[in-house]
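# Results of the structural survey
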Amino acid sequence: MVALLSSLVRAPTKNRLRVDEGLCVGGVGGVGWPACMGWSVRRQGVSGWLSLAVLVWFASIAGRPVHAQSGLSFHDATQASRLDFTHEDGVAEGSGFLVSFMGSGLASLDYDNDGWIDAYFLNGASLKGLQAAPAPLNQLYRNRDGQTWQRTTRWARLHEEQFSLGAAVADFDNDGFKDIAASNFGSVSLLRNLGDGTFEDVTGAAGVSNSGVVFGAGVAWFDIENDGDLDLYVADYVEFNFPRYERLLPTAFPYSPGPDDFEYRHDRLFLNDGAGGFSDISEASGIGSVAAPSMGVTCGDFDADGDIDIFVCCDARPNLLFVNDGNGRFQEEAELYAAATNSAGVPVGSMGVEAGDIDNDGLEDLFVTDYSGQAPILFRNAEAFGFEDITQSSRAGQEVVPHANWGAGLVDFDNDGDRDLMIANGHLLKNAHAIEPLTEYKVKNSLLANDGSGRFVSVTGESGDGMQLIESSRGLAFEDFDNDGDVDCVVSNHAAAANYLQNRSPNQAHWVQLILQGERFNRDGVGARVTVLSEGLAQVAEQRSGRGYQSSYGARLYFGIGAGQAVDRVFVDWGGDRIEYGGLEVNRQYILTEGGDVLLVEDGGNHPRD
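Residues numbered from 1 in each chain as written. Predicted model: local features only at pLDDT ≥ 70, side-chain atom pairs only at ≥ 80, totals over all residues. Heavy atoms only, no water.

An unreviewed UniProt entry lists the protein chain under the name FG-GAP repeat protein, with Aureliella helgolandensis given as the organism.

### Quick word on the overall build of the protein chain
A tally of regular secondary structure across the protein chain gives eight helices and 39 strands. Taking all 610 residues of the protein chain together, the buried fraction comes to 64%. The long-range share in the protein chain, meaning contacts at least 24 apart out of those at least 6 apart in sequence, stands at 62%. Approximately 21300 Å² of the protein chain is accessible, and the part contributed by carbon and sulfur atoms is 51%. (Helix = DSSP H or I, 4+ residues; strand = E, 2+ residues; numbered from the N terminus. Buried < 20%, exposed > 50% of the residue type's maximum accessible area, 1.4 Å probe, protein only. Contact = heavy atoms within 4.5 Å. Areas by Shrake-Rupley, 256 points an atom, 1.4 Å probe, with all protein chains shown as cover.)

### Section: the pattern of salt bridges
When the charged atoms of two side chains with opposite charge come close together, those side chains can pair. On inspection of all chains with the given rule, the structure shows 19 salt bridges. Between Lys 178 and Asp 524 there is a salt bridge, with the nearest N and O atoms lying 3.3 Å from each other. Highlighted residues: Lys 178 in the loop between β7 (164–170) and β8 (179–184) and Asp 524 in the loop between β32 (510–517) and β33 (529–534), separated in sequence by 346 residues. Since its relative accessible area comes to 22%, Lys 178 is described here as partly exposed. We note a salt bridge from Arg 317 to Asp 260, for which the minimum N-O separation is 3.5 Å. Here Asp 260 lies in the loop between α5 (242–248) and β13 (268–272) and Arg 317 lies in the loop between β16 (309–314) and β17 (320–324), a separation of 57 residues in the sequence. (Salt bridge = Lys/Arg side-chain N within 4 Å of Asp/Glu carboxyl O.)

### Let's talk about the nonpolar core
Core analysis: the biggest nonpolar cluster contains 44 residues, and Leu 98, Met 102, Phe 215, Phe 240 and Phe 311 have the highest contact counts within it. Broken down by secondary-structure element, the contributors of at least two residues to this core are α3 (98–102), α5, β16, β17, β19 (353–356), β20 (365–368) and β21 (377–381). No other element matches α3, which puts four residues into this core. The contacts of Met 102, once residues within four sequence positions are left out, are Leu 165, Phe 215, Tyr 237, Met 295, Trp 406, Leu 428, Arg 474 and Tyr 549. (Core = buried A, V, L, I, M, F, W, Y, C linked by side-chain atoms within 4.5 Å.)

### A word on the sheet that holds β13
As summarised here, the arrangement of the four strands in space is β11-β12-β13-β14, forming an open sheet in which the pairing is antiparallel. The strands lining the two open edges of the sheet, one partner per strand, are β11 (216–222) and β14 (278–280). Taking the axes of each pair of neighbouring strands and ignoring which way they run, one obtains an average angle of 20° across the sheet. In terms of strand pairing, strand β12 (residues 231–236) meets β13 through three bridges, oriented antiparallel. Looking across to β13, one finds that Val 234 is bridged to Arg 268. (Pairing = 2+ DSSP bridges. Axes fitted to C-alpha atoms, helices over the stretch in contact; angles between N-to-C directions.)

### Examining the state of the cysteines
All told, the structure shown has zero disulfides when counted by the stated rule. With no disulfide partner, Cys 313 has as its closest neighbouring cysteine sulfur the one in Cys 314, 7.6 Å distant. (Disulfide = S-S within 2.5 Å.)

Quick look at the structure:
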């Protein structure tokens with residue numbers, strides 16, 4: 001407990017010393033934690049110290065007992081809900097290219113602001129040697145009532161024929177409607193939501209049509225310098241080209257030519273000018289200093305110093321951690337923070353990344369999915385010592401070691417106050433079993449329950465028919481799609497139909513769902529940090545855009561309250577100002593504004609639609 005208290009009161013610092021100078025990182029304090037100073041809504045300046053009240057609070061939960069699981073269950077509602085999206089890989093049966101093997105992510109968003117969270121599925125496109133008719137399109141599905149999906153791509157005036165790989169959703173122009181950025185094979189797309197149920201392609205007008213992206217991957221929105229405008233990060237995998245691939249293919253046995261057979265690219269960072277335009281600042285910001293085979297991306301204040309950093313998964317090369325100096329310049333420091341490789345110092349085939357506090361210590365950890373035959377990595381945020389690989393001790397993902405894994409979610413599926421783990425599995429190659437006998441191209445996804453101490457146990461085989469589906473899955477999106485208080489999942493499968501998994505976990509645990517609405521801060525609250533205190537339980541989460549395997553989800557922030565009967569206090573750090581919110585009840589959905597208002601969403605947005 002003494003160690004816990006001492007870690008919580010350290011002030012943040014920008015002055016990070018190298019390991020050979022005796023120190024690794026500064027403390028967590030500062031903007032990472034709220035000052036508990038009463039019940040009323042108030043605005044407070046940033047301080048490096050916490051009040052005695054919050055110290056006592058966190059100390060009181062340090063020995064919170066491990067609880068038993070009540071049972072997780074997911075039902076396959078795909079057919080009943082009329083979700084009919086099918087992903088196309090763009091190649092003829094029996095053939096393939098590096099692009100076609102990767103599959104695509106997806107994004108969740110409430111594009112029409114009706115309280116029901118919708119889904120945008122990324123699709124492939126015809127590659128060399130195939131001309132599909134009609135051409136595959138990315139597809140937008142409107143969530144009508146949590147039970148029925150309706151394809152609205154044409155009505156929304158969307159016509160994206162590119163081979164799309166990654167996406168992120170955010171209100172980049174702060175007009176109250178969610179926009180979409182997508183990374184493609186050879187391009188970037190920027191789709192502005194017009195607020196009337198339709199979108200406009202503003203890629204050219206915004207200045208990102210000549211992005212330089214060759215092989216798009218993960219995408220993320222975040223505010224580089226806290227000016228209220230969201231900036232855009234786009235990962236670039238490798239400089240793939242068909243002639244080289246075909247030249248190498250005859251000698252590339254048993255695997256096809258991979259990322260090491262092509263030049264690496266540096267990722268791209270675009271600065272939002274606040275007037276609808278973007279400029280490429282990759283070189284000036286320091287992002288362009290590193291070339292690597294980038295895949296999944298997520299952003300967050302991983303060093304707790306008040307600005308947003310960038311974590312990038314790299315395929316069979318050390319991962320990247322771009323640390324923000326607070327002025328919009330980045331230094332790559334994954335090795336310093338012990339997040340570049342696994343604990344053995346070996347780079348692995350990192351695919352996707354999810355951030356979440358798995359042990360409720362107030363620090364967000366990172367879960368990284370990997371290639372077949374490699375253990376995924378759970379990086380525990382060790383505060384003053386960077387990250388620590390606790391994969392083995394946490395038992396996170398042991399069952400998926402034989403398989404390639406992609407998307408992942410750290411989500412409290414049973415609302416008991418800790419984050420469980422779902423992992424998307426499936427190989428690149430349809431003949432995978434002939435090459436790697438311990439796996440298959442299509443396998444089950446995995447579900448692991450958190451026992452309350454940050455350790456996981458597999459419950460895949462006992463968690464409903466939704467977890468028994470056998471596919472080669474890629475992207476996952478987690479939201480309360482049916483507005484019943486627990487988090488559901490939509491799955492994008494490679495070259496196959498998507499799945500809608502409704503959470504049917506039989507528990508009576510309580511919950512609260514929060515939507516952030518910025519004013520001076522960006523409208524979506526991306527980068528804001530939320531702390532929820534409830535009857536001995538303290539939880540934190542950051543609002544982010546871009547996560548998992550080249551996907552985007554988290555339209556709301558979801559907090560399980562367990563058996564608690566009340567939400568005692570909520571604090572939001574709006575990039576420098578902390579506001580305390582009171583009067584929230586359990587089993588409710590609220591909008592929290594930067595101005596301090598608490599707005600109840602009636603019936604959790606559960607209004608049937610025409």
